[in-house]
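Descriptive analysis of the structure
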Amino acid sequence: NAGVTQTPKFRILKIGQSMTLQCTQDMNHNYMYWYRQDPGMGLKLIYYSVGAGITDKGEVPNGYNVSRSTTEDFPLRLELAAPSQTSVYFCASSYGTGSSYNSPLHFGNGTRLTVT
Amino acid sequence: SQELEQSPQSLIVQEGKNLTINCTSSKTLYGLYWYKQKYGEGLIFLMMLQKGGEEKSHEKITAKLDEKKQQSSLHITASQPSHAGIYLCGSNFGNEKLTFGTGTRLTIIP
């Protein structure tokens with residue numbers, strides 16, 4: 001199993017450009033997440049999905065969009081890149097979390113994005 | 001405000017010494033996860049705690065969840081250079097979203 005795969009690993013964008021960060025997992029996990037990590041900080045949840053066709057906002061969704069057409073893929077779209085979106089982006093997946101059931105998140109290796 | 005507070009924010013420890021990192025919440029923790037991140041890399045799952053009073057160990061790392069399920073501690077015994085990195089606690093607070101603490105940066109010096 002490859003686990004969670006993120007592409008690209010690095011990207012430099014100019015202000016106003018758009019791009020899609022790709023995330024795919026081969027563990028048949030229902031839950032998928034996108035986080036961003038700013039220098040010296042913890043992780044902030046951008047969007048998450050509990051299954052194909054279902055997405056919901058996290059703590060910092062502004063400036064981003066997601067879709068979940070298949071169980072395996074959960075791409076993150078930046079429409080108009082801004083310097084504030086310079087960060088490291090992590091995708092993660094799990095079987096599920098809730099009040100009575102918890103499974104660990106499996107993380108990709110991250111995409112390092114710079115907007116100048 | 002931050003739902004999960006970690007302390008200390010950074011820690012410099014001499015190799016061979018013991019250390020403790022704390023994760024405190026104002027709400028009940030359901031699943032409490034500990035992850036480690038090496039500088040510039042992804043997150044590695046260490047342990048998950050669910051029951052109040054639960055304690056788990058892996059090699060020289062021990063994590064506990066207190067009885068009231070509002071605080072967890074991560075203890076490293078006889079620290080080694082391989083323990084260096086950023087330690088993150090996370091919890092779902094009973095819903096689908098996993099929230100993480102601000103992280104503790106651990107440096108091991110010879």
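Every value quoted in this text rests on a predicted model; they were computed, and no experiment measured them. (Residues numbered from 1 in each chain as written. Chains lettered and ligands numbered in written order. Predicted model: local features only at pLDDT ≥ 70, side-chain atom pairs only at ≥ 80, totals over all residues. Heavy atoms only, no water.)

**Considerations on the overall build of chain B**
Under the convention used in this document: Counting from the N terminus, the helices are DSSP H or I runs at least four residues long and the strands are E runs at least two residues long. Just to be clear, the radius of gyration here is over C-alpha atoms, and the globule rule we use is 2.2 Å times residues to the power 0.38.
Within chain B, the regular secondary structure consists of zero helices and 11 strands. Along chain B, helices and strands appear, N-terminal first, in the series β-β-β-β-β-β-β-β-β-β-β. Over its C-alpha trace chain B gives a radius of gyration of 13 Å, about what one expects of a compact globule, namely 13 Å for 110 residues. Each principal axis of the C-alpha distribution contributes one length, and for chain B these read about 40 × 25 × 20 Å.

**With respect to the side chain of A:Gln25**
Residue and element names in this part refer to chain A. Quick note on the threshold: Here a polar contact is taken to be a pair of N or O atoms separated by no more than 3.5 Å, where protein atoms must pair a possible hydrogen donor with a possible acceptor and residues adjacent in sequence count only if both atoms sit in side chains. Throughout, a contact is declared for two residues whenever any of their heavy atoms are within 4.5 Å.
Residue placement: glutamine 25 occurs in strand β3 (residues 19-25). There is a polar contact of 3.2 Å between the side chain of glutamine 25 and the backbone nitrogen of asparagine 28. Polar contacts involving the side chain of glutamine 25 include one to the main-chain carbonyl oxygen of histidine 29, which spans 2.9 Å. Residue contacts for glutamine 25: discarding those within four places in its chain leaves Gly3, Val4, Met32, Arg68, Thr71, Glu72 and Ser93.

**Considering the sheet that holds strand β6 (residues 55-58) of chain B**
All names here are of chain B. Quick note on the threshold: Two strands qualify as a pair provided that DSSP identifies no fewer than 2 bridges between them. Note on definitions: angles span 0 to 180 degrees between N-to-C directions of axes, and those axes are lines fitted to C-alpha atoms, for helices only across the stretch in contact.
Pairing within the open sheet is antiparallel, and its five strands lie in the order β1-β3-β8-β7-β6. Only two strands of the sheet have a single partner each, and these edge strands are β1 (4-7) and β6. Adjacent strand axes in the sheet meet at a mean angle of 15° when their direction is disregarded. As defined by bridge partners, β1 adjoins strand β3 (residues 19-25) across four bridges and the pair is classed as antiparallel. Residue glutamine 6 lies in a different strand from β3, and its bridge partner there is cysteine 23.

**Quick notes on the packing of aromatic side chains**
Rule in force here: Note on ring pairs: Phe, Tyr and Trp rings are taken, using the six-membered ring of Trp, and paired if centres are within 6.5 Å. Classes follow the plane angle, with under 30 degrees stacked, over 60 edge-to-face and the rest tilted. Only when the NZ of Lys or the CZ of Arg is both within 6 Å of the ring centre and within 35 degrees of the ring normal is a charge said to sit over the ring.
Taken as a whole and judged by the stated rule, the model has 11 aromatic pairs over all chains. Here the aromatic rings of B:Tyr35 and B:Phe45 are separated by 5.6 Å at their centres, their planes lie at 65°, and the arrangement is edge-to-face. Here B:Tyr35 is found in strand β4 (residues 32-37), whereas its partner B:Phe45 is found in strand β5 (residues 43-49), with 10 residues between them in sequence. Grouping aromatic residues by their ring pairs yields a cluster made of A:Tyr33, A:Tyr35, A:Tyr48, A:Phe90, A:Phe107, B:Tyr33, B:Tyr35, B:Phe45 and B:Phe100. Sitting over the face of the ring of B:Phe93, B:Lys27 holds its NZ or CZ atom 4.5 Å from the ring centroid.

**Things to note about the state of the cysteines**
Heads up, the condition is: To count as a disulfide, a pair of cysteine sulfur atoms needs to be within 2.5 Å. Three labels apply to residues, based on accessible area from a 1.4 Å probe with only protein chains included: buried if under 20% of the type maximum, exposed if over 50%, partly exposed otherwise in between.
The final tally for this structure, using the stated rule, is two disulfides over all chains. Between A:Cys23 and A:Cys91 runs a disulfide, and the two sulfur atoms are separated by 1.9 Å. Linking A:Cys23 and A:Cys91, the disulfide has an S-S dihedral of approximately -70° and is accordingly described as left-handed. With A:Cys23 in strand β3 and A:Cys91 in strand β9 (residues 87-94), this pair connects stretches of sequence that are 68 residues apart. Exposure remark for A:Cys23: the relative accessible area of 2% places this residue in the buried category. Note that B:Cys23 is cross-linked by a disulfide to B:Cys89, the S-S spacing being 2.0 Å. Measuring handedness by torsion sign, the sulfur bridge of B:Cys23 and B:Cys89 sits at about 75° and is right-handed. With B:Cys23 in strand β3 and B:Cys89 in strand β9 (residues 85-91), this pair connects stretches of sequence that are 66 residues apart. Comparing B:Cys23 with B:Cys89, the two get one shared label, buried.

**Brief notes about the pattern of salt bridges**
All names here are of chain A. The line we're drawing: By definition here, a salt bridge exists when the distance from a side-chain nitrogen of Lys or Arg to a carboxyl oxygen of Asp or Glu is within 4 Å.
Per the stated rule, a full pass over the model turns up six salt bridges over all chains. With a closest N to O distance of 2.9 Å, aspartate 38 and arginine 36 form a salt bridge. A residue is classified by how much of its surface remains accessible, and aspartate 38, at 26% relative accessible area, is partly exposed. When the shortest N-O distance is used, the salt bridge between lysine 44 and glutamate 59 registers 3.9 Å. Taken as a pair, lysine 44 in strand β5 (residues 43-51) and glutamate 59 in the loop between β6 (54-57) and β7 (64-66) lie far apart in primary sequence, 15 residues in all. For glutamate 59, a relative accessible area of 41% translates into the label partly exposed.

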